[in-house]
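The residues making up each chain are set out below.
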Amino acid sequence: VPPVHPRRTVVTVHDLGYLYYPEAHTRFSRLYLHLSTMYSARAARRVIAISEATKRDLVERYRIQPRKIRVVYHGRDEAFVPVLDPAVLQATSAKYGIEGAYCLHVGTLQPRKNLGLLVDAWAMLRERMQSPPKLLLAGKRGWLYEPLMRSVEERELGGLIRFADYVDRPDLPALYSGALALTFPSLYEGFGLPALEAMSCGTPVIASSASSIPEVVGDAGLLLDPHDAASWAGAVERLASDNGARRDMSRRGLERAAAFTWERCARETYAVLAQ
């Protein structure tokens, strides 16, 4: 927020992740984010938060008055729709080295994504299922990704867990659509776009019950404790054997995703600006 006429300003805050995961930032950037966000939220006439979780953080961490904050959710990208052509699905999964059934995670490889829990869950699935689905981790390598890759190697899970690095955006709808489920165990999200993208493609969602994620998923997916690997393994095992449950979650996810539009976001943002 500029120092001139700050009371004419509306500021949007996406998340306060730098407070929860300071290791992800340099000391200077962490200090800059802290001071600039605190000043902006206090000085602005109104604050837009992209989730109730971010609103709570602003109230608790920076003592912003709740009445000053409006929650305006993101919308879905209309490019994310169910891909039904078997040839396209097969070609896309083959491009990223996947054969047969698979679950998907989309996001940068970094500690707050809690991917070690998925490694633990897939180690359990290897013992419990004759042919467990693969796990495709789609996303560029972020900070402190090495322990994750080392864990997969040491536990000899390379045949089940694949790293796709950065995925071309046009390929994402087909990757989502072909997946048994999106597995999204993140410990902290300002919103959680991968969950919305997956639901928009009709993909069942197994997600963390932490931070903003339940606001996006609602009752359309399975919300699990992000520290209980056994519950995640059990959920994947059940979905892999229950076509009816997958169809039901797909239908509910599509209905849920339809409520998140950029037109609604724009109208609600304009309403804040017009106050």
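In what follows, the structure referred to is the one given above.
Structural notes, computed from the coordinates. Residue positions are given per chain, counted from 1 along the sequence in the order it is written. Local features are withheld for residues below a pLDDT of 70 in this predicted model, meaning they are given only at 70 or higher, and side-chain atom pairs are given and counted only at 80 or more; totals for whole chains, interfaces and linings count all residues. As a convention, hydrogens and water are excluded, and side-chain values are obtained from all of the structure's heavy atoms.

### Overview of the nonpolar core
Stage number 1. Grouping buried Ala, Val, Leu, Ile, Met, Phe, Trp, Tyr and Cys residues that are joined through side-chain atoms within 4.5 Å yields what is termed a nonpolar core. Buried residues are those whose accessible area, probed at 1.4 Å on protein chains only, stays under 20% of the maximum for their type, while exposed residues exceed 50% and partly exposed ones sit between those limits. Leu104, Leu136, Tyr176 and Val205 are the most contacted members of the largest nonpolar core, which has 31 residues in total.
Stage number 2. Elements with a minimum of two residues in this core: β4 (102–106), β5 (134–138), α7 (172–178), β7 (182–184), α8 (193–200), β8 (205–208) and α9 (213–217).
Stage number 3. For this core, the leading source of residues is α8, giving four residues.
Stage number 4. Membership of the second largest hydrophobic core comes to 29 residues, among which are Leu109, Ala181, Ala229 and Trp232. Only runs of H or I of at least four residues qualify as helices and only runs of E of at least two qualify as strands under DSSP, and these elements are numbered from the N terminus.

### Re unusual backbone geometry
Stage number 1. Despite not being glycine, Arg63 has its phi angle at roughly 55°, a positive value.
Stage number 2. Within the secondary structure layout, Arg63 lies in the loop between α3 (52–62) and β3 (69–71).
Stage number 3. Residue classification places Arg63 among the exposed residues on the basis of a relative accessible area of 60%.
Stage number 4. In this model, Glu156 sits at a positive phi of 55°, which is unusual for a non-glycine residue.
Stage number 5. Within the secondary structure layout, Glu156 lies in the loop between α6 (146–154) and β6 (161–165).

### What about the packing of aromatic side chains?
Aromatic ring pairs: the centre-centre distance and the angle between the two ring planes describe each pair.
Stage number 1. Two aromatic rings from Phe, Tyr or Trp, using only the six-membered ring of Trp, form a pair when their centres are within 6.5 Å; if the ring planes differ by under 30 degrees the pair is stacked, by over 60 it is edge-to-face, and anything between is tilted. In total, this model carries five aromatic pairs according to the counting rule given.
Stage number 2. Taking the centre distance of 6.3 Å and the plane angle of 50° together, the rings of Tyr73 and Phe191 count as tilted. With Tyr73 in the loop between β3 and α4 (86–95) and Phe191 in the loop between β7 and α8, the pair connects residues that are 118 residues apart, well separated along the chain.
Stage number 3. Here Phe191 falls in the buried class, since its relative accessible area comes to 3%.
Stage number 4. Look at Tyr73 and Phe260: their rings are 5.8 Å apart centre to centre, the planes differ by 70°, and that puts the pair in the edge-to-face class. Residue Tyr73 is found in the loop between β3 and α4, and its partner Phe260 is found in the loop between α11 (243–257) and α12 (262–273); the two are separated by 187 residues along the sequence.
Stage number 5. Pairwise contacts between aromatic rings join Tyr73, Phe191 and Phe260 into one cluster.
Stage number 6. Here, over-ring charges are defined by two tests on the NZ atom of lysine or the CZ atom of arginine: distance to the ring centre within 6 Å, and angle to the ring normal within 35 degrees. Over the face of the ring belonging to Tyr20 we find Arg61, whose NZ or CZ atom lies 4.7 Å from the ring centre.

Read these as layout, nothing more, since geometry by itself doesn't imply function.
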